[in-house]
Amino acid sequence: MSRVELRGVTYAFGELRAVDRVDLLVPQGSLTAVLGPSGCGKTTLLRLVAGFLSPQAGTISFDDRVVAGPGTSTPPQQRRVGYVPQEGALFPHLDVAANIGFGLPKAQRGSDRVAEMLDLVELPRSYADRAPHELSGGQQQRVALARALAPAPTVVLLDEPFSSLDASLRVSTGRAVTHALRATGTTAVLVTHDQDEALSLADQVAVMRRGLLVQADRPRDLYRTPADAEVAQFVGGAAILHATVKAGVAHCALGDAPVHGTVADGEVDVVIRPEQVTITPGRTGARVGDVSFYGHDAAVRLDLLPHGPSLVARVPGLAAPEPGTEVGVGVAGSVFVLRA
Ligand code: ATP
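Predicted, not measured: the structure shown is a model, and the values here were computed from it.

(A) Local environment of the site of the ligand. Close to the ligand lie Phe-13, Leu-16, Ala-18, Pro-37, Ser-38, Gly-39, Cys-40, Gly-41, Lys-42, Thr-43, Thr-44 and Glu-160, which account for all nearby residues. A distance of 2.7 Å separates an oxygen atom of the ligand from a polar atom in the backbone of Gly-39. Relative to its unbound accessible area of 630 Å², the ligand is 56% covered by the protein chains. The set of elements that each furnish at least two residues to the shell around the ligand consists of strand S2 (16–26) and helix H1 (42–50). Split into classes, the residues belonging to the shell around the ligand amount to 5 nonpolar, 5 polar and 2 charged.

(B) View of the sheet that holds strand S10 (residues 204–209). The mixed open sheet is built from 6 strands, whose spatial order is S7-S8-S9-S3-S10-S11. Among the strands making up the open sheet, the edge pair consists of strand S7 (81–84) and strand S11 (212–217). Shown here is a sheet whose adjacent strand axes are inclined to one another by a mean of 20°, direction ignored. Sheet strands in contact with H1 are strand S3 (31–35), S7, strand S8 (155–159), strand S9 (187–192) and S10, and its direction is about 155° off that of S8. Helix H6 (residues 137–149) rests against S7 and S8 of the sheet, and its axis sits at about 170° to S7.

(C) The packing of H6 against helix H7 (residues 167–183), seen in detail. Their axes nearest at 10 Å, the elements H6 and H7 cross at an angle of 15°. Taken as axis vectors, H6 and H7 run roughly parallel relative to one another. By crossing handedness, the relation of H6 to H7 is classed as right-handed. Every residue of H7 that contacts H6 at Gly-138, Gln-141, Arg-142, Leu-145 and Leu-149 is listed here: Leu-169, Ser-172, Thr-173, Ala-176, Val-177, Ala-180 and Leu-181. Here the residues of the contact of H6 with H7 sort into 7 nonpolar, 4 polar and 1 charged.

(D) A look at unusual backbone geometry. Cis geometry is found at the peptide bond from Leu-305 to Pro-306, where omega equals 5°. Looking at the secondary structure, you find Pro-306 in the loop between strand S17 (297–304) and strand S18 (310–316). In this model, Gly-308 is joined to Pro-309 through a cis peptide bond whose omega is 5°. Within the fold, Pro-309 resides in the loop between S17 and S18. One non-glycine residue, Glu-160, lies in the positive phi region at around 45°. According to the relative accessible area criterion, Glu-160 is buried, its value standing at 8%. Positive phi, normally seen in glycine, also occurs at Arg-210, with a value near 45°. Within the secondary structure, Arg-210 is located in the loop between S10 and S11.

Each value, and the rule that gives it
- Residues numbered from 1 in each chain as written.
- Predicted model: local features only at pLDDT ≥ 70, side-chain atom pairs only at ≥ 80, totals over all residues.
- Heavy atoms only, no water.
- Near = heavy atom within 4 Å.
- Polar contact = N/O pair within 3.5 Å; in protein donor to acceptor, adjacent residues only side chain to side chain.
- Areas by Shrake-Rupley, 256 points an atom, 1.4 Å probe, with all protein chains shown as cover.
- Helix = DSSP H or I, 4+ residues; strand = E, 2+ residues; numbered from the N terminus.
- Nonpolar A, V, L, I, M, F, W, Y, C, P; charged D, E, K, R; others polar.
- Pairing = 2+ DSSP bridges.
- Axes fitted to C-alpha atoms, helices over the stretch in contact; angles between N-to-C directions.
- Contact = heavy atoms within 4.5 Å.
- Parallel < 35°, antiparallel > 145°, perpendicular 65-115°, else oblique.
- Left-handed = near helix turned anticlockwise from the far one by under 90°.
- Buried < 20%, exposed > 50% of the residue type's maximum accessible area, 1.4 Å probe, protein only.

Next up, the structure:
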């Protein structure tokens, strides 16, 4: 297992810089999720690490070994990278055992290694003789991971591996996959556009936007201290409100809240998360717009009176007010001040 390091990595398709001067460190044995909207360059980044593309500038290293850099590019097969694509990764004419054994030396193919890999991804050993079409989508993705892990790769790259699965299967498969990665201490990079997946599964989340890597942090730090307003809104949703800070307290349209960290007095923008917005029935302050009811909670759109702005509150489902009513609003907990 290796640490993976990118420095100044750039790749352009013609005029379009799909990956633009990206610096990223993936510590040994950890899982980094690369998160971003469609077209931001995630897959291109993964293909550069795998060696399917060579950077036009910058270097990629596995530990102290430069695998891509000026005048040098180690071919994919010599990088010893395991790759798990979106779907359809398994050879349809081979059974599960043959699929898992595919990358192993011949001598090991009939060995305990296949059974060990099935245990690791939490599939019964009896599945070894099944054909891929006899497995559910989630089971197929577990086999794809088992195949990627079997030869003990230097790093495993996962390209939206759960995107074809339905919501509940996505959660259980994601958990099984990260469990297997952690159990083997594998260094891994997971590409996703799903923020819940990134925040819940990864040790580090790297947010990409238009080819740039804008922030790489632990999930909690990314959520608590976003690099800018776009990251705040993209990861978890947020209202950005103007506020005046005085003696560590922000005065904004929702009321007063202590600021997170040390902030000098002055005019600032603060990040307010939907779950921080409090609602008090029978008071005035905001008009309730659309309410999306999810059971465990609800997203309530609020137009602050008299002239906005509009923001979203997340409240327990059964506490959601009726659309069209007026409610009092406030803010709970400390707020984060955006760097200018
Ligand atoms: P998605 O989540 O939709 O897969 P992504 O973040 O993985 O998107 P990439 O596939 O890396 O994004 O693409 C980044 C940019 O590069 C996009 O604007 C895309 O249109 C462009 N691009 C990707 N592959 C090529 C190619 N072979 N030729 C030209 N442009 C390309």
